[in-house]
Amino acid sequence: MKDYHVVVIGAGGAGLRTAIECARDERVRVAVVSKVYPTRSHTGAAQGGLNAALGNTVPEDNPEVHAFDTIKGSDFLADQDAVQFMCKHAPEVVYELDRWGVPFSRLNDGRIAQRPFGGASFPRTVFSADRTGHVLLHTLFEQALARDNIDFFNEFFLLDLLHDGQRVKGVCLYDIKNGEVVNLRAKAVVLATGGFARIYWQRSTNAIGNTGDGVAVALRNGLPLKDMEFIQFHPTGLAKTGILLSEACRGEGGYLINKLGERFMARYAPEKMELAPRDMVSRAIEYEIREGRGLGEGTSAYVLLDLRHLGEAKIRERLPQVRQLAIDFEGVDPVYDPVPIRPTAHYCMGGVHVENYMTSSTLMEGLYAVGECACVSVHGANRLGGNSLIELLVFGKFCGMSAREYAKQVDFLTLSPGEERKGQELIEGLMKREGREKLAEVRRRMGEITWEKMGIFRDEKSLWEAYQELTELLQRWENIPVVDKSRVFNTNLVELLELRNMLELARAVAYSALHRKESRGGHYREDYQERDDENFLKHSLLWQEGDSLRIEYIPVRITSYQPAERKY
Ligand SMILES: Cc1cc2nc3c(=O)[nH]c(=O)nc-3n(C[C@H](O)[C@H](O)[C@H](O)COP(=O)(O)OP(=O)(O)OC[C@H]3O[C@@H](n4cnc5c(N)ncnc54)[C@H](O)[C@@H]3O)c2cc1C
């Protein structure tokens with residue numbers, strides 16, 4: 001067993017930025033744990049960019065306009081003080097990255113370039129061609145590697161938290177490389193395990209590993225999850241696979257057209273057109289398909305993303321990865337042909353309830369949550385493109401400071417013999433398990449339920465069915481054996497652990513969605529099509545007690561902007 005002041009679970013943008021901040025004090029020993037090699041974290045797949053009101057292209061832009069755009073985009077469910085905090089600190093964390101070596105795309109005069117993005121009043125999104133996440137993640141990893149007081153636990157899987165009900169004591173990990181269980185004692189633990197949009201197994205932009213492990217571990221340990229009903233569907237997933245084509249396609253001037261060649265967004269958002277927020281554009285595409293103005297049929301129906309008018313030179317310079325993805329996975333070169341697209345599950349607005357946005361602390365002492373696994377909430381019911389990467393950096397920085405200072409003040413807690421054996425017993429139990437269910441079969445069914453019954457459109461009946469069927473799948477999960485008995489890289493065992501986490505979170509989404517009887521942002525109920533501020537201008541908190549779930553609501557913090565109808 002090893003001791004660390006701070007253990008950070010996750011080596012994506014959120015985890016690395018937090019760890020770097022913790023390590024600023026050389027006396028503080030930090031562990032970063034990741035189930036994949038750090039540079040394979042999903043942050044590396046981000047394409048379009050991150051938002052900061054630098055005012056480089058339009059001088060009138062400023063953090064307050066950024067905050068207003070974010071609050072409006074959130075359908076007024078974001079906590080306004082937290083949003084203002086994020087937008088105020090956004091420019092400083094971008095310049096920090098610039099100095100650390102992120103190769104941002106530039107204007108002719110050498111300043112950082114900014115592109116238009118959905119729901120934004122001005123071109124505000126800072127980028128590096130369409131590989132922003134890749135360069136950001138690699139730069140943060142270099143910065144973390146350069147610090148001697150950070151140890152990496154690569155390819156270690158978080159099994160559980162160790163705590164006494166009030167305060168965190170450490171974590172219990174599974175070493176994927178050799179099958180050993182390792183406990184780390186910690187004064188502070190930071191969850192930075194990313195999102196869970198893979199619960200939409202068949203159609204998602206997310207990495208296969210985005211299974212929400214940290215969120216599920218928090219739920220099982222008695223912590224509440226906030227706003228789980230809000231899932232973001234990205235409008236432009238490749239038709240056949242759901243792989244993302246960045247919002248930058250529309251930011252750079254791409255059109256959406258239906259079978260009749262119409263730019264149909266004129267019907268839904270006449271002012272912003274293709275650059276309306278994602279929830280609106282996704283629904284617009286699905287309406288076009290429903291009303292027979294799409295192409296293809298059934299689940300493979302689609303509309304078209306037209307980039308041809310941008311010309312080859314601009315596509316090469318600004319959208320090289322998008323072009324390659326369209327060629328490789330859809331067989332279409334956007335320089336010559338429009339690309340078939342359809343909405344795809346992309347981002348989770350909900351997550352572990354963060355109780356204090358300035359520290360990222362949760363309801364358990366010493367436990368923090370940051371990045372996509374956390375719900376602060378700065379995105380409310382709908383996140384604006386480019387606001388997630390900036391969230392990781394701003395809150396990662398402040399969370400790192402808080403966890404570091406907290407860890408310097410408290411002592412380690414002792415682990416009981418039962419706690420020391422907890423992980424080992426879990427793994428042994430799973431390896432011995434017998435049963436006839438098949439992992440792939442249960443996971444496939446989960447993907448069908450999530451997409452069909454709790455997708456872009458939902459209602460009472462579909463959500464209730466989803467909740468019940470997912471509960472049944474959780475029972476079937478108990479009878480899935482681990483067929484591979486080896487200790488080295490047992491991906492069968494890891495996938496089994498991930499599947500349980502996804503099933504629990506999918507059920508949490510269905511349950512929260514069932515109770516929100518209104519439509520807001522990414523949550524669209526066909527049986528309650530209007531936003532209902534009188535009854536639902538509030539955050540949901542979902543608790544798991546034994547096998548049952550319970551919902552509570554807490555107020556939204558409104559500091560500056562009264563809710564108004566959201567028009568674009
Ligand atoms: C294709 C795509 C494009 C995107 N483009 C943009 C964009 O242009 N702009 C923007 O703002 N946002 C974008 N987003 C959203 C944004 O990239 C993510 O929300 C953000 O990167 C999440 O970062 P994170 O650090 O919270 O998690 P991740 O980057 O997902 O990292 C999670 C980390 O946790 C570790 N982990 C998870 N489970 C365990 C476990 N059980 N044990 C140990 N370690 C574990 C993983 O190994 C990983 O290191 C995009 C998302 C996708 C999917």
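All values derive from a computational prediction rather than experimental measurement.

1. As for unusual backbone geometry
- The step from Val-376 to Ser-377 runs through a cis peptide bond, and the omega angle for that step is 10 degrees.
- Structurally, Ser-377 can be placed in the loop between strand 17 (374-375) and helix 11 (387-409).
- In this structure, Asp-227 takes a positive phi of about 50 degrees despite not being glycine.
- Mapped onto the elements, Asp-227 comes out in the loop between strand 10 (225-226) and strand 11 (231-238).
- Residue Ser-360 is not a glycine yet carries a positive backbone phi of 65 degrees.
- Along the chain, the position of Ser-360 falls in the loop between strand 15 (351-353) and strand 16 (367-369).

2. Quick word on the pattern of salt bridges
- A complete count under the given rule lists 67 salt bridges for this structure.
- Between Arg-342 and Glu-286 there is a salt bridge, and its shortest N-O distance comes to 2.9 Å. One end of the pair, Arg-342, is in strand 14 (residues 339-348); the other, Glu-286, is in helix 8 (residues 278-290), with 56 residues separating them in the sequence. Both residues of the pair, Arg-342 and Glu-286, count as buried.
- Taking the shortest distance from any N to any O, the salt bridge between Glu-448 and Arg-445 comes out at 2.6 Å. Pair noted here: Glu-448 and Arg-445 are both in helix 13 (residues 439-453), with a separation of 3 residues, about one helical turn.
- Judged by relative accessible area, Arg-445 falls into the partly exposed class, the value being 21%.

3. Points about the site of the ligand
- In the vicinity of the ligand lie 39 residues, with Ser-41, His-42, Thr-43, Glu-372 and Ser-388 positioned nearest.
- For the ligand, an oxygen atom lies 2.8 Å from a polar atom in the backbone of Ala-11.
- If the ligand stood free it would expose 1,000 Å²; the protein chains cover 98% of that surface.
- Counting residues per element, the ones that place at least two in the shell around the ligand are helix 1 (13-22), strand 2 (30-34), strand 7 (156-163), strand 14 and helix 11.
- Sort the elements by how many residues they give to the shell around the ligand and helix 11 lands first, with 4 residues.

4. A short note on the side chain of Thr-18
- In this fold, Thr-18 is placed in helix 1.
- Under the relative-accessibility criterion, Thr-18 is labelled buried at 0%.
- Among the polar contacts listed, one links the side chain of Thr-18 to the backbone oxygen of Ala-14, at a separation of 2.6 Å.

5. Some details on the domain arrangement of the chain
- Looking at the assigned domains, one finds that the chain contains domain 1 (235-344) and domain 2 (435-535).
- Every contact between the two is made by 7 residues of domain 1 and, on the other side, 7 residues of domain 2.
- Summed over both sides, the interface between domain 1 and domain 2 buries roughly 680 Å², with carbon and sulfur atoms accounting for 65% of that surface.
- The residue Arg-290 makes a salt bridge to Glu-526 at a minimum N-O spacing of 3.2 Å.

6. Points about the sheet that holds strand 10
- As summarised here, the arrangement of the 5 strands in space is 17-15-10-18-19, forming an open sheet in which the pairing is mixed. If you trace the sheet from one side to the other, it starts and ends with strand 17 and strand 19 (548-555), each paired once.
- Of the pairings in the sheet, the one linking strand 18 (residues 538-545) to strand 19 comprises 8 bridges and is antiparallel in character. Across the sheet, residue Glu-545 finds its bridge partner in strand 19, namely Ser-548.
- Its contacts with the sheet put helix 5 (residues 213-220) on strand 10, strand 15 and strand 18, and the angle it makes with strand 18 is roughly 70 degrees.
- Seen against the sheet, helix 15 (residues 491-515) touches strand 10, strand 18 and strand 19 and runs at an angle of roughly 55 degrees to strand 19.

7. Describing the sheet that holds strand 13 (residues 303-306)
- Taken together, the 4 strands give an open sheet; going across it, the order is 11-14-13-12, and neighbouring strands pair in antiparallel fashion. Each edge of the open sheet carries a strand with a single partner, namely strand 11 and strand 12 (255-257). Averaged over all pairs of adjacent strands, the angle between their axes in this sheet comes to 45 degrees, without regard to strand direction.
- For strand 11 and strand 14, the ladder comprises 6 bridges, and the chain directions are antiparallel. The residue of strand 14 that forms the bridge with His-234 is Thr-344.

8. Digging into the packing of helix 14 (residues 460-477) against helix 15
- With their axes 9 Å apart at the nearest point, helix 14 and helix 15 run at an angle of 155 degrees to one another. The pairing of helix 14 with helix 15 is recorded here as roughly antiparallel in orientation. Two packed elements cross with a definite hand, and for helix 14 against helix 15 that hand is left-handed. Residue-level contacts link Glu-460, Leu-463, Trp-464, Ala-466, Tyr-467, Leu-470, Thr-471, Leu-473, Leu-474 and Trp-477 of helix 14 to Leu-496, Leu-499, Arg-500, Leu-503, Glu-504, Ala-506, Arg-507, Ala-510, Tyr-511, Ala-513 and Leu-514 of helix 15.
- Looking at the contact of helix 14 with helix 15 residue by residue, the classes come out as 16 nonpolar, 1 polar and 4 charged.

9. Thoughts on the packing of aromatic side chains
- Scanning the model with the defined rule gives 18 aromatic pairs in all.
- With a centroid separation of 5.4 Å and 45 degrees between ring planes, the pair formed by Tyr-287 and Phe-457 is classed as tilted. Here Phe-457 lies in the loop between helix 13 and helix 14 and Tyr-287 lies in helix 8, a separation of 170 residues in the sequence.
- Taken together through their ring pairs, the aromatic side chains of Phe-264, Tyr-268, Tyr-287, Phe-457 and Tyr-524 make up a single cluster.
- Directly above the aromatic system of Phe-457 lies the positively charged group of Arg-290, at a separation of 4.2 Å from the ring centroid.
- Here Lys-538 stacks its cationic end above the ring of Tyr-553, 4.4 Å away from the centre of that ring.

Rules used throughout
Every chain's residues receive numbers from 1 upward, in the order its sequence appears when written. Selection of residues for local features in this predicted model requires a pLDDT of at least 70, selection of side-chain atom pairs for listing and counting requires 80 or more, and totals for whole chains, interfaces and linings are taken over all residues. Excluded from the side-chain calculations are hydrogens and water; all other atoms, namely the structure's heavy atoms, are used. The way it works is that DSSP assigns letters per residue, a run of H or I at least four long becomes a helix, a run of E at least two long becomes a strand, and they are numbered from the N terminus. One speaks of a salt bridge when a side-chain nitrogen belonging to Lys or Arg is within 4 Å of a carboxyl oxygen belonging to Asp or Glu. Think of it in three bands: residues with accessible area under 20% of the maximum for their type are buried, residues over 50% are exposed, and the middle band is partly exposed, with areas taken using a 1.4 Å probe on protein chains only. Neighbouring residues are identified by heavy atoms, a residue being near a molecule or strand if any of them is within 4 Å of it. Under this definition, polar contacts are N or O atom pairs within 3.5 Å; protein pairs additionally need one hydrogen-donor-capable and one acceptor-capable atom, and for neighbouring residues in sequence, both atoms have to be side-chain atoms. Surface accessibility in these figures is a Shrake-Rupley result with a 1.4 Å probe; residues are shielded only by whichever protein chains are displayed. For the domain bounds, the source is a domain assignment made automatically or taken from a database. Residue contacts are defined here by distance: any two heavy atoms, one from each residue, within 4.5 Å place the two residues in contact. The term buried area refers to how much accessible surface (probe radius 1.4 Å) is lost by two components on association, counted for both of them together. One requirement defines pairing of two strands: DSSP has to find at least two bridges between them. Only the stretch in contact is used when a helix axis is fitted, and all axes are lines through C-alpha atoms; the angle between N-to-C directions ranges over 0 to 180 degrees. Roughly parallel here means an angle under 35 degrees, roughly antiparallel means over 145, roughly perpendicular means 65 to 115, and every remaining angle is called oblique. Two helices that cross are described as forming a left-handed crossing if the nearer one is turned anticlockwise from the farther one by less than a right angle, and a right-handed crossing if clockwise. By the convention adopted, Pro, Cys, Tyr, Trp, Phe, Met, Ile, Leu, Val and Ala count as nonpolar, Lys, Arg, Asp and Glu as charged, and the other residues, Gly among them, as polar. Centres within 6.5 Å make a pair out of two Phe, Tyr or Trp rings, where for Trp the six-membered ring is used; the pair is then stacked when the planes are under 30 degrees apart, edge-to-face when over 60, and tilted otherwise. To sit over a ring, a charge needs its Lys NZ or Arg CZ within 6 Å of the ring centre and within 35 degrees of the ring normal.

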